[in-house]
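# Chain and residue survey
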Amino acid sequence: AQSVTQPDIHITVSEGASLELRCNYSYGATPYLFWYVQSPGQGLQLLLKYFSGDTLVQGIKGFEAEFKRSQSSFNLRKPSVHWSDAAEYFCAVEGVRNTGKLIFGQGTTLQVKP
Amino acid sequence: DVKVTQSSRYLVKRTGEKVFLECVQDMDHENMFWYRQDPGLGLRLIYFSYDVKMKEKGDIPEGYSVSREKKERFSLILESASTNQTSMYLCASRDPKRDSATNEKLFFGSGTQLSVL
C-alpha cells in the first residue's frame, strides 16, 4: 500500500543551524513527491515538489529536497534555519498520478531556539 | 493568486447535530478536496470532487457526505456529528488543466477547527 512516513514527530534546532527533515515513502512507480509547510493558524503552503529529472529540488524559502530512489526517501533540508521557519512540515506523495489525491505523512513539528 | 475560503475558522457543535462546512474557491478550479488533520496522523482525504455534481470517496468517508452544486463551492456535511469528528478540516482546490509538470499543486484554505461536544 502507498504510504508516507515522517519518522520525527518533533525536532528542535537552534537558529542558524542546518536542518534535515526525513521522509520515507512506499510507492510502486516513480512517485510524485511534495513538501508542504503549515504555520500556526494557516493552511498548507507548497515548499517544493519532485516529478522527474534532477533529484535535487529547490523550493521556496531556501529549502531543498533530495529524491533518493534506492532509499525511498525525499528528505527536506535547509542550510541555516530562521526563527520564522518554526512550523509543521508535511511530506506527501500523489497516490494516483495527476489526480491531486495526496497521501500525507504524519507531520514534523519544527521548533527553533533563539 | 488563488483564494480558497472556508467560512468558519472555529466551530463548536453538539453530538447529533447536522454540520455543514463550507468551502469556496475563486479561480474556477474543477477539482476540490476535503481533508481532515489530526495530530500524529497528518492529513487524510475524506471526499473529493472532480467537477460540479461529481463526488468520490476518499480514504475516510464514513460519517461524512459532500455537495458540489456549483463549481466554486464544495460543502462537507456531517449528518450526525460525533465526538470522534472533532478535528481540523482543510479544503483544497486544483486546476487539472494546467501543465502537471509545472503547476501540479493543491491550494489550501486556512482550515476549520471543529469541536463536537
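In what follows, the accompanying structure is described.

Turning to the side chain of A:Thr108, a few remarks are in order. Residue and element names in this part refer to chain A. Counting through the fold element by element, Thr108 comes out in strand 12 (residues 108-113). Of the residues examined, Thr108 reaches a relative accessible area of 1% and is grouped as buried. Polar side-chain contacts of Thr108 include one of 2.5 Å to the backbone oxygen of Asp8. Not counting residues up to four positions away in its chain, the partners in contact with Thr108 are Gln6, Asp8, Ile9, Ile11, Leu21, Ala87, Glu88 and Tyr89.

This part is about the state of the cysteines. Residues and elements named next belong to chain A. The full count for this structure, using the stated rule, is 2 disulfides over all chains. Bridging Cys23 to Cys91, the disulfide has an S-S length of 2.0 Å. Taking the sign of the S-S torsion, about -65 degrees here, the bridge from Cys23 to Cys91 comes out left-handed. One end of the pair, Cys23, is in the loop between strand 3 (19-21) and strand 4 (24-26); the other, Cys91, is in strand 10 (residues 87-94), with 68 residues separating them in the sequence. The class for Cys23 is buried, based on a relative accessible area of 0%.

All names here are of chain B. What the 4 strands build is an open sheet, ordered 1-3-8-7; its pairing is antiparallel. Every other strand in the sheet has two partners, leaving strand 1 (4-6) and strand 7 (64-70) as the edge strands with one partner each. Averaged over neighbouring strand pairs, the angle between their axes works out to 20 degrees when direction is ignored. Where strand 1 lies against strand 3 (residues 19-25), 3 bridges are found, and the strand directions are antiparallel. Paired with Thr5 across the two strands is Val24, which belongs to strand 3.

Conventions adopted
- Residue indices follow the written sequence of each chain, beginning from 1 at its first position.
- Note on labels: chains are lettered from A, ligands numbered from 1, in written order.
- In keeping with the predicted nature of the model, local features appear solely for residues at pLDDT of at least 70, side-chain atom pairs appear and are counted solely at 80 or more, and the whole-chain, interface and lining totals rest on all residues.
- Water and hydrogen atoms play no part in the side-chain values, which are based on all heavy atoms of the structure.
- Working definition: helices are DSSP H or I runs of at least four residues, strands are E runs of at least two. Numbering for both runs from the N terminus.
- Think of it in three bands: residues with accessible area under 20% of the maximum for their type are buried, residues over 50% are exposed, and the middle band is partly exposed, with areas taken using a 1.4 Å probe on protein chains only.
- Polar contacts here mean pairs of N or O atoms no more than 3.5 Å apart (in protein, one a potential hydrogen donor and the other a potential acceptor; neighbouring residues in sequence count only if both atoms are side-chain atoms).
- Pairs of residues are marked as contacts when any of their non-hydrogen atoms sit within 4.5 Å.
- Note on terminology: pairs of cysteine sulfur atoms within 2.5 Å are recorded as disulfides.
- Paired strands are those between which DSSP finds at least two bridges.
- Lines fitted to the C-alpha atoms define the axes, with helices restricted to the stretch that makes contact. Angles between their N-to-C directions range from 0 to 180 degrees.

Function-wise, these values are silent; they only describe arrangement.
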